[in-house]
Amino acid sequence: MRVVGARVAVGRRNLFSERRRGLLGVAGTAAALLLVLAVGAVFDGAMRQITRYIDMQPAQVFVSQLGVRNLHMASSSIPLDALEAIETLPGVTSVAPILFAQDGLETGGGRRLSYVIGYEPGLGGGPAEVETGDEPGPGEIVLDTATAASLGVDTGDPVGALGTSWSVSGLVGNLSNVANGAAFVQLDDFAAARGLPDTASYLLVATDRDPTSVAAAIERETDLSATTREAFSRSERALVSDMIGDVLRIVTGAAWLVGFAVVALTLYAATRSRLREIGVMKALGADRGALSRVVLTQAAWTVGAAVGVAAALTIGVGSLLARTSSPVTMALEPGALVRVAAISMVVGAAASVAPLVKVSRVDPASVFRR
Amino acid sequence: MQALAVRAEGLDRVFGEGDVQVRAVRGVDLEVRSGEVVLIMGPSGSGKTTLLSMLGAMLRPSRGRVEVDGVDLASLPEKRLPAFRARRFGFVFQDFNLLSALTVRENVELALNLAGVTGRPARERAEGLLRDLGLGERLGFLPEKLSGGEKQRVAIARALANDPAVILADEPTANLDSKIGHEIARLLRRIASAEGRSVVIVSHDTRLKDIADRVLWLEDGEFRSMSEMVTDPVCGMAVEREATPHFVSDGRTWFFCSTACRDEFATDPDRFSASATVARGGEG
């Protein structure tokens, strides 16, 4: 009767008996995977951050000029009388107009590209919560903390924006992304600074009904585009993703190639240095399956340990970044980690091919040669 | 009469083709019974290793057949040979060939794993064998921490792990000093006598003649009569009486493996002739 139980872990023991080589293999692979995970985490962090303003709005429908379904790099202009038409639609509980522009914030010490949003305090469209100071009054501006830090300003300091000067009245949590900061002024101040009376860029609609049907009703009754908050957010992410996707794919591809090369070299070196012992195992009765298990176990340990190390480092670096005022944020999504782990295993298996071929060619009778 | 464990008939093995063809083994017949120790000697390049590889199911003969425990190796497909080797043979090598990353116990346990025995049964069997061979205190040691004699005992424990009918030993004493070599030789003898296993040893070491039931001389791929063999009094190697360097001293003819041994002998014949032993069936 065949007895089933634990087997001697030859692959793992072989890999780590030469500790330096094993650790170098794991470290090299981890470095490549760290690059993959970090690039992905920065991207995911940027995506999360880039829609943070949209996602934090209580309004469920974003209304814009016909055909516009983005904030970033978009220009939308709506006559304010459309607001009254929308307010009368069934299910609409409130409508908040905002003015939006991308502009450079300037101080004596620096300049930072930023989303500048004009809103009516108390009506909606502003930041969720002002952490320090107050919401903007006339001639005042609220900055997100990362933007304020990058400009070196605090409450009470002057900042130039929209061609005029403002006084910082408050700071809100980090709404910056890699490209833009965030700043809030009163709607009327924005309109006056830009010469846009009776105009809004977007209308943020709150409803107590299904937002999709409300959005559809708005599009039926007006010549405007209406998009649910979730769809608007997705559209924003897709735009940015399209803009930086190619670069991201190139960097990630290069990182995968490095990872593959490191795993392949580690396994090949580990196998090559033990060809005689593999011959011994063959002489003792190891079949192809047993020897494949040895090589694949080495691959699994190398890749598995590397994924663990890379994930820990990514989380660590992300935590450190979060404690700074850096506009770069990292978000290691569980799905991304699972995906990287799965691809790593495939890479490990692919990297095992050459060692497996080498093993299959070892002559068991070679053990008698000296 | 003990049962036949190994039977080889008309074994031939040819390597290469055309002008570079080498016939390493030529028409070898061999029978080894259970409990028997057979020592195969011969000069380097005589075909000993090739013969051992064929007997151990690692190399297919070009002609002839090998039966082990009544199983014709030619009838086994290639993919079944590893399992057959694992269960029917134990191997002992000159260089011990222990896996350097595994402990003493794991080296023996691995042989059991390869035969399909895993987990606690494998561990207990390995530990039992090692304790029987006096290695109970070395179970967790890596091979690099062992002496040569201990390594060879681990290798013997590994060879015995799956209770094989046949032990094939390639120069098992070559890397050991005289005392330890003698211990290993006696151990192999005991394995044959007490446990009824067949032991086939390939070696240059003439000391192993003491424990062998039969000594065979392989030269140019063929078995030759041992009556034609004598022992070189300088190096102890078995050599053919004819066609080797010789030296006449006090009316007695001495034969050598090389002119170097003959010249060394000539410097002080009394010293070497006093310690020389007469080879089986021959004289020195």
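Novice: Now, about the overall build of chain A: what can you tell me, with residues and values included?
Specialist: Across its full length, chain A carries 12 helices and 12 strands. Within chain A, buried positions represent 49% of all 370 residues. In chain A, of all internal contacts separated by at least 6 residues, the share reaching a separation of at least 24 is 81%. Here chain A displays about 16,600 Å² of accessible surface, and carbon together with sulfur accounts for 58% of that area.

Novice: Tell me about the packing of helix α2 (residues 19-50) of chain A against helix α8 (residues 229-272) of chain A, and please be specific about residues and values.
Specialist: All names here are of chain A. Put simply, α2 and α8 touch, their axes get as near as 9 Å, and they point 175° apart. Regarding the angle of α2 to α8, the classification is roughly antiparallel. Looking at side-chain class alone, the contact of α2 with α8 contains 19 nonpolar, 7 polar and 3 charged residues.

Novice: Any details on the environment of Glu 183 of chain B? Residues and values, ideally.
Specialist: Residues and elements named next belong to chain B. Along the chain, Glu 183 turns up in helix α6 (residues 178-195). Glu 183 sits in the partly exposed class, given a relative accessible area of 32%. Along the sequence, Glu 183 and Thr 173 sit 10 residues apart, while their C-alpha atoms lie 9.3 Å from each other.

Novice: Residue-level account of the side chain of Gln 49 of chain A, with values.
Specialist: Here Gln 49 of chain A shows up in helix α2. For Gln 49 of chain A, a relative accessible area of 6% gives the class buried.

Novice: Can you explain the sheet that holds strand β4 (residues 63-68) of chain B? Please cite residues and give values.
Specialist: In a beta sheet, neighbouring strands are held together by backbone hydrogen bonds and run either parallel or antiparallel to one another. Residue and element names in this part refer to chain B. Sheet architecture is open: 4 strands sit in the order β2-β1-β4-β5, paired in antiparallel fashion. The sheet is open, and its two edges are formed by β2 (22-33) and β5 (71-72), each paired on a single side. Both β4 and β5 contribute to a ladder of 2 bridges, which runs antiparallel. Bridged to Val 68 within β5 is Val 71. Relative to strand β1 (residues 4-15), helix α1 (residues 48-55) is tilted by about 125°, and along the sheet it contacts β1, β2 and β4.

Novice: Got a sec to walk through a nonpolar patch on the surface? Specific residues and values, please.
Specialist: A cluster of nonpolar side chains, contributed by Met 73, Met 243 and Ile 244 of chain A, occupies part of the molecular surface with about 300 Å² of accessible area. By relative accessible area, Met 243 of chain A is classed as partly exposed at 43%.

Novice: If you had to explain the side chain of Asp 72 of chain B to someone new, which residues and values would you point to?
Specialist: All names here are of chain B. Counting through the fold element by element, Asp 72 comes out in strand β5. One polar contact links the side chain of Asp 72 to the main-chain amide nitrogen of Ala 74, over a distance of 3.0 Å. Contacts of Asp 72, omitting those with residues within four sequence positions, involve Arg 65, Val 66 and Glu 67.

Novice: Tell me what's going on with unusual backbone geometry, and back it up with residues and numbers.
Specialist: Despite not being glycine, Met 73 of chain A shows a phi value in the positive range, around 55°. Here Met 73 of chain A lies in the loop between β1 (61-65) and β2 (78-79). Met 73 of chain A gets classed as exposed once you look at its relative accessible area, which sits at 59%. Positive phi, normally seen in glycine, also occurs at Phe 96 of chain B, with a value near 70°. Looking at where Phe 96 of chain B falls in the secondary structure, it is placed in the loop between β6 (89-92) and α3 (104-114).

Novice: Mind laying out the pairing of strand β6 (residues 140-144) of chain A, listing which residues take part and the relevant values?
Specialist: Residues and elements named next belong to chain A. Most of β6 is tucked away: 4 of the 5 residues are buried. Relative to strand β9 (residues 181-186), β6 runs antiparallel, the two being bridged by 2 bridges. Considered in β9, the bridge of Val 142 is made with Phe 184.

Novice: Could you give an account of the interface of chain A and chain B, naming the residues involved and the relevant values?
Specialist: The interface of chain A with chain B comprises 29 residues on the first partner and 33 residues on the second. Between chain A and chain B the total buried area reaches about 2,700 Å² when both faces are included, carbon and sulfur atoms providing 61% of it. For the pair chain A and chain B, the number of links is 2 salt bridges. We note a salt bridge from Glu 106 of chain B to Arg 13 of chain A, for which the minimum N-O separation is 2.4 Å. Run the count over chain A and chain B and you get 10 residue pairs in polar contact (both at pLDDT 80 or more). For the side of chain A that touches chain B, the secondary structure elements donating two or more residues are α1 (10-17) and α9 (275-284) of chain A. Broken down by element, the side of chain A that touches chain B gets its largest block of residues, 7 residues, from α9 of chain A.

Criteria and thresholds
Residues numbered from 1 in each chain as written. Chains lettered and ligands numbered in written order. Predicted model: local features only at pLDDT ≥ 70, side-chain atom pairs only at ≥ 80, totals over all residues. Heavy atoms only, no water. Helix = DSSP H or I, 4+ residues; strand = E, 2+ residues; numbered from the N terminus. Buried < 20%, exposed > 50% of the residue type's maximum accessible area, 1.4 Å probe, protein only. Contact = heavy atoms within 4.5 Å. Areas by Shrake-Rupley, 256 points an atom, 1.4 Å probe, with all protein chains shown as cover. Axes fitted to C-alpha atoms, helices over the stretch in contact; angles between N-to-C directions. Parallel < 35°, antiparallel > 145°, perpendicular 65-115°, else oblique. Nonpolar A, V, L, I, M, F, W, Y, C, P; charged D, E, K, R; others polar. Pairing = 2+ DSSP bridges. Patch = residues over 30% accessible without salt bridge, like charges linked within 9 Å, V, L, I, M, F, W, Y side chains within 5 Å. Salt bridge = Lys/Arg side-chain N within 4 Å of Asp/Glu carboxyl O. Polar contact = N/O pair within 3.5 Å; in protein donor to acceptor, adjacent residues only side chain to side chain. Buried area = accessible area lost by both parts, 1.4 Å probe.

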